[in-house]
Every structure is written in structure tokens, then in C-alpha cells.
Amino acid sequence: MSTSFANVGSRRCSKPSCSKRAVATLTYVYADSTAVLGPLATFAEPHCYDLCEDHATRMTAPRGWDVVRLAPDPEALKPSVDDIEALANAVREIGRIEPADEMVEVNRRGHLRVLKDSGQNSIE
Ligand SMILES: [Zn+2]
């Protein structure tokens, strides 16, 4: 967790159904039809909405508006990278299981090499 938010830790997500701690502030710049999502603002201003990490990530601008995301917090990005790596590792683990089983099968068949040898002998 980033300590930079400690001084504003009491602010909550502005979404009605959400009570998570706010980590970002969404500012609507009506003149430019631009929604600016940045670090939690120090001062609450008109047209500003504090958002939790989830809502900041999933936030989408109204139709016809641009979204500008300012300096994403590297700390906030880490979990998603870890998730992807964890998923990749999980997939690799699953992929490993089947070849491993086949290896066992091959090893178990090691004593059947006589059959293979006799086959080769018959070809010669
Ligand atoms: Zn929220």
C-alpha cells in the first residue's frame, strides 16, 4: 500500500453503493469534454469525484468524452501484473502435468524395450 494516501485515507469512493477508500480523483473538464483520472486530489472541488481503486480502474467516460489517466500509481499496478503472472504460472503448471504423466508412462515402458528391439531385429 502506498503511504502517499495516508493523509487523505478517510475519503471514500463517491459511488453510491461503494464505501471503499478513495485512491483516485476523477475530474470532469466540461470545457474539453475530458475526464481526468489522477491521484487523489488534496482538495475536493466541484466536478470532482473520488474513486476507489476498483472504480478508478473500471471507470469509463461518457460517450464522446476523452479520458486522461494521470501517472498511474506503480504500487496500484503491481497486483494486476502479479495476477497475470500467477495466471500464467497456473497455466504452465497445468501444462506441466500432462507431459509429466507421459514421462512416467515412457519410464514405465522402459522394460518393454525388448519388444522394440525384437521389432528392429525383425526389420533387419
Ligand atoms: Zn468504489
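Data block above holds the structure.
Residues numbered from 1 in each chain as written. Predicted model: local features only at pLDDT ≥ 70, side-chain atom pairs only at ≥ 80, totals over all residues.

Caption draft 1: Summary view of the pairing of strand β2 (residues 34-39). Direction of pairing for strand β1 (residues 22-29) relative to β2: antiparallel, over a ladder of six bridges. Following the sheet pairing, alanine 24 is matched in β2 by proline 39. Here four bridges tie β2 to strand β4 (residues 66-69), and the two strands are oriented parallel to one another. Residue pairing in the sheet places leucine 37 in a bridge with arginine 69 of β4. (Pairing = 2+ DSSP bridges. Helix = DSSP H or I, 4+ residues; strand = E, 2+ residues; numbered from the N terminus.)

Caption draft 2: Representation of the nonpolar core within the structure. Among the nonpolar cores identified, the biggest contains eleven residues, and these are Cys13, Ala22, Val23, Ala24, Leu26, Ala35, Leu37, Leu40, Tyr49, Leu51 and Ala56. Elements with a minimum of two residues in this core: β1, β2 and β3 (48-52). Counting residues per element, this core draws most heavily on β1, at four residues. When near neighbours in sequence (up to four residues on either side) are disregarded, leucine 37 contacts Ala24, Leu26, Ala56, Met59, Val67, Val68, Arg69 and Leu70. (Core = buried A, V, L, I, M, F, W, Y, C linked by C-beta atoms within 7 Å. Buried ≥ 20, exposed ≤ 12 C-beta atoms within 10 Å, placed from the backbone. Contact = placed C-beta atoms within 7 Å.)

The values reported here are purely geometric and, on their own, carry no functional implication.
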